[in-house]
Amino acid sequence: GRDTGSRTNMELEVRSVAAAVSGFATWEVDALVRRRTAEGSAAAAASLASLAAVIASLPDMDVPPALAHSAEDALQAAAEARAAAAEGRLDAAAVAARAAHVAAESAFFHPDILSLLYFPSEYKMAVYIPLFLPTLMPILTGLAWDMKFFVRRRRCAASYRAATRAGAVE
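Residues numbered from 1 in each chain as written. Predicted model: local features only at pLDDT ≥ 70, side-chain atom pairs only at ≥ 80, totals over all residues. Heavy atoms only, no water.

Tallied over the full model, the rule gives 2 salt bridges. The partner of arginine 36 in a salt bridge is glutamate 39, with the nearest N and O atoms 2.7 Å apart. Note that arginine 36 and glutamate 39 are positioned in helix H2 (residues 26–57) at a spacing of 3 residues, about one turn of the helix. Residue glutamate 87 pairs with arginine 89 through a salt bridge whose shortest N-O separation is 2.8 Å. (Salt bridge = Lys/Arg side-chain N within 4 Å of Asp/Glu carboxyl O. Helix = DSSP H or I, 4+ residues; strand = E, 2+ residues; numbered from the N terminus.)

Pasting the structure below:
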């Protein structure tokens, strides 16, 4: 249990003060820490479940190592929170639950996932093909004309050189 004197946890900045001074009893602070720990763990689990659903809906996507690492960190922190809560170490459980939630949110909002969600490859093709296809046709036509001119010029130059060597041209 907690003592009724002033006590501070630097990681959470939770203060438990005697009920006569603060107006909160130790059991009320414990209940609040338990509730916040449960909420943090539930939020981490929900974020990881959403991430799994998003990744399952994008089968062509390669999972970046940073995203996988964040998800693993979230799972490990959630397991630590569960173990600390089972042992009665509420402060450690709250810290681990918060770390799990932060890591899960970091994984869910990874830039590679967001870019694929908002701009799938089909959308990019639908936007860029009508934009660049009309521009590409004159470029390719001009390139074909230039190649034809270059080949014709080389042939003329080769025939001129052959004629000058033979002495036909003065």
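Following the structure, the description resumes.
Turning our attention to the side chain of histidine 110. Note on placement: histidine 110 falls in the loop between helix H4 (90–108) and helix H5 (111–118). Excluding its chain neighbours within four sequence positions, the residues that come into contact with histidine 110 are Pro64, Ala66 and Leu67. (Contact = heavy atoms within 4.5 Å.)

Topologically, serine 41 is positioned in helix H2. Put simply, serine 41 and alanine 100 are 59 residues apart on the chain and 6.9 Å apart in space, counted from C-alpha to C-alpha. With sequence-adjacent residues up to four places away left out, serine 41 is seen in contact with Ala81 and Ala97.

Attention now moves to the side chain of serine 47. By secondary structure assignment, the location of serine 47 is in helix H2. Separated by 2.4 Å, the side chains of serine 47 and glutamate 105 make a polar contact. Contact partners of serine 47, with chain neighbours within four places excluded, come to Ala104, Glu105 and Phe108. (Polar contact = N/O pair within 3.5 Å; in protein donor to acceptor, adjacent residues only side chain to side chain.)

What follows is about the nonpolar core. Ranked by internal contacts, the top residues of the largest apolar core, which has 16 residues, are Leu48, Leu51, Ala74, Ala100, Ala104 and Ile113. Secondary-structure elements contributing two or more residues to this core are H2, helix H3 (65–87) and H4. (Core = buried A, V, L, I, M, F, W, Y, C linked by side-chain atoms within 4.5 Å. Buried < 20%, exposed > 50% of the residue type's maximum accessible area, 1.4 Å probe, protein only.)

Distances and angles like these do not, on their own, reveal function.
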